[in-house]
Amino acid sequence: MEIIIRENYEQMSRYAAEIIAGYVRAKPDCVLGLATGRTPIGTYRFLAEMHREGLDFSRVKTFNLDEYFGIGMNLGIDYNLDQSYARFMYEELFKHVNIKKENIYVPDGLSREPKKFCMWYEREIKRAGGIDLQLLGLGGDGHWGFNEPGSSLGSRTRVQALAKQTLDDNYEAFFKKANISRNQMPHFAITMGIGTILEAKNILMIVNGARKADMVARCLEGPITSQITATAIQLHSGGITVVLDEAAASRLKNVEHYRFVEKIKSQYGL
Ligand code: GLP
């Protein structure tokens, strides 16, 4: 596991975007797993900038981690377009790059047969040859996607009830400003499972801010537990890169070691 610490959000985002761009350049038809939330917004901005300078997304396929479920069905409020993750991805990345519509996969939050849909989503990931690089953030309660505390570390794509902390966090970040009340926001999501995520060939996790420093330390240096589903990172068998800003790295015990490893690796071009 490679742990990279950058001074601030901007530098974290640039570093992450460069990793993603590296995959796209090396394998123009690569399959990317994508994430939502405030954290990846900067990364997506850098990718859009790189696209303006020639980075080609025309053969890239993407699978998003998750989507609110029942969007548009809750209490008759029509927030399905503005608050959905599909909309988020369109606004933050897809409309800025030359990705083809047919190569974009986001879970269908309006599916009437969610179980069937989830099975189909898993099949499509396999049919695409699996995910080459999965981008991940970190939820306030230590989740990946919407795999809330207690989700099995072998879980697959499914409908998941959101935990209180996630509802609080995402209400503050996205729903409040749209005048949607805490009760009216969606309380369920379709999410790739932890087992699904662990099948990605490579993982890129990005985390910023002091608010998540404790969770970052528990996730990278603490015991593996289904109570903090992102601790499953310690089980992944492929390439893992974690990019943090200084604030998010501030509670790590072995921080000097991580910095040392990064320095040595770059000195020797490893
Ligand atoms: C949501 C998403 C996660 C994301 C998390 C953190 O719960 N489902 O994929 O990592 O939010 O969001 P933020 O980056 O806004 O802190």
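Note that the coordinates shown come from a computational prediction; the quantities given were computed from them, not determined experimentally.

S.K.: Would you mind showing me how to read the pattern of salt bridges here?
M.R.: Once their charged atoms are close, side chains differing in charge can pair, the charge on each being opposite to the other. Summed over all chains, the structure comprises 16 salt bridges. Salt-bridge contacts for E262 lead to R6; the nearest nitrogen and oxygen are separated by 2.8 Å. Of this pair, E262 sits in helix α10 (residues 255-267) while R6 sits in strand β1 (residues 2-6), placing them 256 residues apart in sequence. Look at E262 and you get partly exposed, because its relative accessible area is 21%. A salt bridge links R218 to D214; the shortest N-O distance between them is 3.8 Å.

S.K.: Is there a simple way to explain the packing of helix α1 (residues 9-26) against helix α2 (residues 41-52) in this structure?
M.R.: Relative to each other, α1 and α2 sit at 55 degrees, their axes nearing to 8 Å. In terms of their interaxial angle, α1 and α2 are classed as oblique. In this structure, α1 meets α2 at a crossing whose hand is right-handed. From α1, Y9, E10, S13, R14, A16, A17, E18, I20 and A21 reach across to α2, where they touch I41, G42, T43, F46, L47 and M50.

S.K.: What am I meant to see in the packing of aromatic side chains here?
M.R.: Each aromatic ring pair is specified by the distance between its two centres and by the angle formed by the two planes. Counted under the stated rule, the structure contains eleven aromatic pairs. The interplanar angle of 90 degrees and the centroid separation of 6.1 Å between the aromatic rings of F88 and F174 together place this pair among those described as edge-to-face. Placement of F88 in helix α4 (residues 85-92) and of F174 in helix α6 (residues 164-175) is noted, with a sequence separation of 86 residues between them. With respect to class, F88 is no different from F174; both count as buried.

S.K.: Explain unusual backbone geometry here, please?
M.R.: Most peptide bonds adopt trans geometry, and most residues besides glycine take a negative phi value. At N179, a position not held by glycine, the phi torsion is positive, near 60 degrees. For N179, the position within the fold is in the loop between α6 and β8 (188-191).

S.K.: I'm lost on the side chain of D245 in this one. Help?
M.R.: On the secondary structure map, D245 appears in strand β10 (residues 239-245). Although buried, D245 forms no salt bridge, and the nearest oppositely charged side chain, R259, lies 9.7 Å from it. Polar contacts involving the side chain of D245 include one to the main-chain amide nitrogen of A248, which spans 2.9 Å. When near neighbours in sequence (up to four residues on either side) are disregarded, D245 contacts I5, R6, E7, N8, Y9, M12, V207, N208 and G209.

Procedures and definitions
- Residues numbered from 1 in each chain as written.
- Predicted model: local features only at pLDDT ≥ 70, side-chain atom pairs only at ≥ 80, totals over all residues.
- Heavy atoms only, no water.
- Salt bridge = Lys/Arg side-chain N within 4 Å of Asp/Glu carboxyl O.
- Helix = DSSP H or I, 4+ residues; strand = E, 2+ residues; numbered from the N terminus.
- Buried < 20%, exposed > 50% of the residue type's maximum accessible area, 1.4 Å probe, protein only.
- Axes fitted to C-alpha atoms, helices over the stretch in contact; angles between N-to-C directions.
- Parallel < 35°, antiparallel > 145°, perpendicular 65-115°, else oblique.
- Left-handed = near helix turned anticlockwise from the far one by under 90°.
- Contact = heavy atoms within 4.5 Å.
- Phe/Tyr/Trp six-rings, centres within 6.5 Å; stacked < 30°, edge-to-face > 60°.
- Lys, Arg positive; Asp, Glu negative; His and termini not counted.
- Polar contact = N/O pair within 3.5 Å; in protein donor to acceptor, adjacent residues only side chain to side chain.

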